[in-house]
Every structure is written in structure tokens, then in C-alpha cells.
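# Structural overview for review
Take a look at the letters that make up each chain.
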Amino acid sequence: MIAPTSPQAEPQPNPRRTATPSAPPLLEVSDLTKHFLVGGKAGRGRAGGVKAVDGVSFALDRGETLSLVGESGCGKTTTGKSVLRLIEPTAGSVRLEGEELLGLAPSRMRSHRRDMQIIFQDPYASLNPRLSAAEIVAEPMRNFADPAWRGPGALRDRLAWLFAKVGLRPEAMAKLPGEFSGGQRQRLGIARALALKPKLIVCDEPVSALDVSVQAQVVNLLMDLQAEFGLSYLFVAHDLAVVRHISHRVAVMYLGRIVEIAECERLFTDPQHPYTRMLLSAAPIPAPGARTTRVLPIGDPPSALNPPAGCRFHPRCPMARPICRETAPPLIPHGSATGGAHRVACHLVS
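Below or above, wherever it landed, is the structure these notes cover. Sequence positions are assigned chain by chain, starting from 1 and proceeding in written order. The predicted origin of the model limits local features to residues at a pLDDT of at least 70 and limits the giving and counting of side-chain atom pairs to 80 or more, whereas totals for whole chains, interfaces and linings rest on all residues. The side-chain figures draw on all heavy atoms in the structure; neither hydrogens nor water molecules are used.

## Regarding the overall build of the chain
The way it works is that DSSP assigns letters per residue, a run of H or I at least four long becomes a helix, a run of E at least two long becomes a strand, and they are numbered from the N terminus. Each helix and strand counted, the chain has 10 helices and 12 strands in total. Burial classes: relative accessible area under 20% of the type maximum marks a residue as buried, over 50% as exposed, and values in between as partly exposed (1.4 Å probe, protein chains only). Classification of the 350 residues of the chain by burial places 51% in the buried group. Contacts: residue pairs with any heavy atoms within 4.5 Å of one another. In the chain, the share of contacts with a sequence separation of at least 24, taken over all contacts with a separation of at least 6, comes to 67%. In these tables, accessible area is a Shrake-Rupley quantity obtained with a 1.4 Å probe, and a residue counts as shielded only by the protein chains included in the view. Put simply, the chain shows about 16200 Å² of open surface, and 52% of that area lies on carbon and sulfur atoms.

See the structure below:
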């Protein structure tokens, strides 16, 4: 079970987490599926498939942060990269501002690339060590050849503005990535993601490789940039304290599927799915000597090569019933007071 760390002494709800839903959503994902072929070649011999993402659906509003949480290997990162088509999905639908992205030719997809960017998990591996900081941030602008940034003067002014926005000094533009700390490198990655004025940014565990003392700074920077530019974040994370601080809504994934999705505070204070309760109970409480009741699952997670029938969590669920072993529960609204915003995939929750 995940053991998250906290960037702050006490994970409190953030008063800035008040996004106003927009219609239609910026991003709509329906039945997204990604299976990886293993053990053979397509059409030859025996081959199996890893069901990394298996029928994931959600929507993301403008200016909203939706976090994907769950154990390692549950499909969070694959979902984020499939949305951007950095990994080609097996099936499903991804619509950005109402336009279907899956199946678009590269030439047509290119026009959407500038609207969708990513901040990678590892600030050490995601930057070219041979390029200067300025060259790294300028590369996407040169690739898209925006007339507004032509000419060394205009480009340098834009770079200086971007560096200032992420808290880097102008003289840092001449440095190589190896001359930066981990937190500064991640700020550089954020500047690169901002360079093309995107509408959607996939944040793939952007603070997990950083020291705890630096995590809060980077998270607060992301929130400030979101408030200023109206960015939408698909935030992949395993640190529940960070998730609670930055999120508007949270989706809990287990073995390739979403088992619960709700507004952030509701999910933390009133979790419904047995797996969500176990996940939250595993989070450490920053109070020395405090006693907590751990809700522990049974056994280990099944293999994504051969997921169990019915509810995929039933082999580990102490409350499992015969129907859980036979029928996969749909992700349906829970509680009339939520207006359908709180959805749970569990036969035991009405």
C-alpha cells in the first residue's frame, strides 16, 4: 500500500480550490483503453496483453485540477500519456474542446500539440544535459515557429518572462541542467510546458522526485500559474497530502479502472469504495504518538495480465460478496446531494 509523504505539517483543504465548472468541459475522455502486447507478436504464437488502462472515463473543466491516485502500476501515468497520445491508446475517445483526437493524422494532431503539454516526473532525465536552459525552453517555440517569437530580441524577452514566472533568474538561462538543483530543474520543466501557452498540462508526479522541503514550493507555483492563466491540470500523484492541497476533484484508480471519483474534500472526508478507504488509511498522520486504525487489504494486487472477473478489487476486499466475483460494477452516481459528482464503482454502495 502507498505510504505518501507530506510537504506540509498538516494536509488542509486549500481555499483556492474553487474552480467554476465550465460547459462544455475542456477535455472529455470516454472508455479509454490501453493494452500492451506481451509474450509474442501480433498474429503469431501465444500472446497476452497487459490491461494497463481498461475503460477509463472522465471530464476536465477549464481551470480545474483532476488528480489520478492509486498504487504503483494502476495505470495513472499510462492514462495521462494516452490522453496526449504520447502512447497510442488501444481504444476509446479523447476530445479536446469537442474535437476527437484519437485517429487524427500527425499533421492534424500537430495543431493540438501546443494546447497540451506535460511535466515529467524526473527532472534529471527529462532535460537534455547538452542544451542550455534557454535552449531547452525555446525548443518548443522554435518547433512551432510562432511569428510572435521570431527574432532574437522577441525570443529572449519571452524566455526571460517565462523564467521569471517560474522563479528562475535571467542569468540562469545560460546554465546547463547539471548546474541546477532538483527543484530548479523541475521549474525549468514547468517553464518549457508553459512556453506554448497550453490549455491542458499533464503533471506526471511532478514533485515525487524532489525533496520534501521543495515539494510545497513547486506545488504552490503550479497553483499560482493555474490561477493566473486558467490552466487545466491532469495531476498524476501518489502523495495524498499533495493531492488534497492541489486538487478540485480526485479519481482513484485500481488495476486500470477508476473505482471512485469525487470532489476533493468529499473524497477525503467521505470515501465510499473499500479500496479508497484503505488507500486513505495508509497515509501517515503528522502527529507523533497519534493512533490510527489501519484498514488493510487482503493479499497482493492481482496481475494486470490476468485481472480477476467481476470487481477487480474483490480478491483483496474483506466485504466482497458473490456478486462482486461475478459482475463488474459500473461507475455510478452516489448520493443525491452530490448531483452525480460523486461516483463509485462498488456493488455495496448505493
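## Overview of the sheet that holds strand β7 (residues 200-204)
A pair of strands is treated as paired once DSSP finds two or more bridges between them. Ordered by their spatial adjacency, 8 strands build an open sheet running β6-β7-β8-β3-β9-β10-β12-β11, and the pairing between neighbours is mixed. The open sheet has two free edges, formed respectively by β6 (116-119) and β11 (332-333), since each of these has just one partner strand. Of the strand pairs in this sheet, β6 and β7 are connected by 4 bridges, and their pairing is parallel. Residue pairing in the sheet places M116 in a bridge with L200 of β7. Where helix α9 (residues 274-281) meets the sheet, it contacts β3 (65-69), β9 (249-254) and β10 (257-263), and its direction lies at approximately 105° from that of β9. The angle between two axes is taken between their N-to-C directions and runs from 0 to 180 degrees, where each axis is a line fitted to C-alpha atoms and a helix contributes only its stretch in contact.

## Considering the packing of helix α3 (residues 133-144) against helix α4 (residues 152-165)
A packed helix pair is summarised by two numbers, namely the angle formed by the two axes and the spacing between the axes. Where α3 contacts α4, the two axes come as close as 10 Å, and the packing angle between them is 115°. The angle between the axes of α3 and α4 places the two elements in the roughly perpendicular class. Classified by chirality, the crossing of α4 by α3 is right-handed. Between α3, through A133, A134, V137, A138, M141 and R142, and α4, the contact on the second element is made entirely by L155, R158, L159, L162 and F163. Each residue is assigned to one of three groups, with Ala, Val, Leu, Ile, Met, Phe, Trp, Tyr, Cys and Pro labelled nonpolar, Asp, Glu, Lys and Arg labelled charged, and all others, Gly among them, labelled polar. When the residues that make up the contact of α3 with α4 are grouped by side-chain class, the tally is 9 nonpolar, no polar and 2 charged. An angle below 35 degrees is read as roughly parallel, one above 145 as roughly antiparallel, one from 65 to 115 as roughly perpendicular, and any other as oblique. Each crossing is labelled by how the near helix is turned from the far one, with a counterclockwise turn of less than a right angle marking it left-handed and a clockwise turn marking it right-handed.

## Digging into the packing of aromatic side chains
Between 30 and 60 degrees the pair is tilted, below 30 it is stacked and above 60 it is edge-to-face, where a pair is any two Phe, Tyr or Trp rings, Trp via its six-membered ring, whose centres lie within 6.5 Å. The full count for this structure, using the stated rule, is 4 aromatic pairs. A centroid spacing of 4.8 Å and a plane angle of 55° characterise the contact between Y254 and Y275, whose relative ring orientation is tilted. A residue pair is termed long-range when its members are at least 10 positions apart, and Y254 in strand β9 and Y275 in helix α9 qualify at 21 residues. Under the relative-accessibility criterion, Y254 is labelled buried at 3%. By the ring-pair criterion, three or more aromatic residues cluster together here, those being Y254, Y275 and F313. Stacked on the ring of F36, the Lys or Arg K34 has its end atom at 5.1 Å from the ring centre. Lysine and arginine charges are scored as sitting over a ring when NZ or CZ, respectively, is within 6 Å of the ring centre and within 35 degrees of the ring normal.

## Some remarks on unusual backbone geometry
Phi angles above zero are rare outside glycine, and D31 is one such case at about 50°. With respect to the helices and strands, D31 occurs in strand β1 (residues 27-38). The backbone of R85 sits at a positive phi, close to 60°, despite the residue not being glycine. Along the chain, the position of R85 falls in the loop between α1 (76-83) and β4 (91-96).

## A closer look at the side chain of S93
Within the secondary structure, S93 sits in strand β4. Judged by its relative accessible area of 15%, S93 falls in the buried class. In this structure the side chain of S93 is engaged in a polar contact, spanning 2.5 Å, whose partner is the side chain of E100. Contact partners of S93, with chain neighbours within four places excluded, come to E28, V29, S30, E100 and L102. Polar contact criterion, stated in full: a pair of N or O atoms within 3.5 Å, where within protein one must be able to donate a hydrogen and the other to accept it, and residues adjacent in sequence count only if both atoms are side-chain atoms.

## Notes on the packing of helix α5 (residues 182-194) against helix α6 (residues 212-229)
Taken N-terminus to C-terminus, the directions of α5 and α6 make an angle of 15°; their axes are 10 Å apart at the nearest point. By the criterion of interaxial angle, the relationship of α5 to α6 is roughly parallel. In this structure, the crossing between α5 and α6 has a hand that is right-handed. Only V214, Q217, V218, L221, L222 and L225 of α6 make contact with α5, whose side of the interface consists of G183, Q186, R187, I190 and L194. Its residues placed into classes, the contact of α5 with α6 shows 7 nonpolar, 3 polar and 1 charged.

## Quick word on the side chain of K76
When you line up the elements, K76 lands in helix α1. Not counting chain neighbours up to four residues away, the residues in contact with K76 comprise L68, V69, G70, E71, E205, V236, A237 and M253.

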